[in-house]
Amino acid sequence: MAEKLSATSRDAALAKLTSWSYDTAADAITREFRFEDFSAAFAFMTRVALAAEKAGHHPEWFNVYNKVRITLSTHDAGGLSRKDIELAERIDALHSASVKIAPAG
Ligand SMILES: C[C@H](O)[C@H](O)[C@H]1CNC2=NC(N)=NC(=O)C2=N1
């Protein structure tokens, strides 16, 4: 089981995850994504779901139409663990690689 990160390790990891915001009270990180439409949002969620299942670590998330808000924390540890950091990095990579609608012409 992954252990809660020390304040020093957590701060070092958070310094690199610039797109995520840290909630001190929850000891969790959150990022919101917006897509062209629901189909693009759900395609991204599918990729995240497969990555999460592979890692054995799962997001809390909220989706409405083209918006996906993801919160990561390790429930077993009662806060942020390296599994959250690794999943956040994987999610960032999946988002960077997700289909962007090319401009016409
Ligand atoms: C047994 C199983 O590995 C655990 O219950 C995992 C599953 N996915 C999990 N995901 C998250 N976010 N936190 C956990 O503590 C957690 N625990």
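Residues numbered from 1 in each chain as written. Predicted model: local features only at pLDDT ≥ 70, side-chain atom pairs only at ≥ 80, totals over all residues. Heavy atoms only, no water.

An unreviewed UniProt entry lists the protein under the name Putative pterin-4-alpha-carbinolamine dehydratase, with Devosia elaeis as the source organism. Here is the UniProt Catalytic activity (unreviewed entry) comment for the protein, exactly as written: "(4aS,6R)-4a-hydroxy-L-erythro-5,6,7,8-tetrahydrobiopterin = (6R)-L-erythro-6,7-dihydrobiopterin + H2O". (UniProt positions renumbered as here; feature names shortened; annotations may be inferred.)

Novice: What is the right way to look at the packing of helix α2 (residues 38-55) against helix α3 (residues 82-97) in this model?
Specialist: Pairs of packed helices are described in terms of their axes, by the angle between the two and the distance that separates them. It is at 10 Å that the axes of α2 and α3 come closest, and there the two elements cross at 150°. The pairing of α2 with α3 is recorded here as roughly antiparallel in orientation. In the packing of α2 onto α3, the handedness of the crossing is right-handed. Contact residues: α2 offers F44, R47, V48, A51, A52 and A55, while α3 offers K83, L87, R90, I91, L94 and H95. (Axes fitted to C-alpha atoms, helices over the stretch in contact; angles between N-to-C directions. Helix = DSSP H or I, 4+ residues; strand = E, 2+ residues; numbered from the N terminus. Parallel < 35°, antiparallel > 145°, perpendicular 65-115°, else oblique. Left-handed = near helix turned anticlockwise from the far one by under 90°. Contact = heavy atoms within 4.5 Å.)

Novice: I'm lost on the nonpolar core in this one. Help?
Specialist: Among soluble globular proteins, nonpolar side chains are generally buried collectively. Formed by 22 residues in total, the largest nonpolar core has its most connected members in W20, I29, F33, F44, I70, L72 and I91. For this core, the secondary-structure elements that each account for two or more residues are α1 (7-16), β2 (28-34), α2, β4 (67-72) and α3. The residues touching F33, leaving out its near neighbours within four places in the chain, are W20, F44, N66, K67, V68, I70, I91, D92 and H95. (Core = buried A, V, L, I, M, F, W, Y, C linked by side-chain atoms within 4.5 Å. Buried < 20%, exposed > 50% of the residue type's maximum accessible area, 1.4 Å probe, protein only.)

Novice: How should I be thinking about the side chain of H57 in this particular structure?
Specialist: Positionally, H57 belongs in the loop between α2 and β3 (60-64). Look at H57 and you get buried, because its relative accessible area is 8%. Reaching out from H57, the side chain makes a polar contact with the side chain of D84 at a distance of 2.6 Å. (Polar contact = N/O pair within 3.5 Å; in protein donor to acceptor, adjacent residues only side chain to side chain.)

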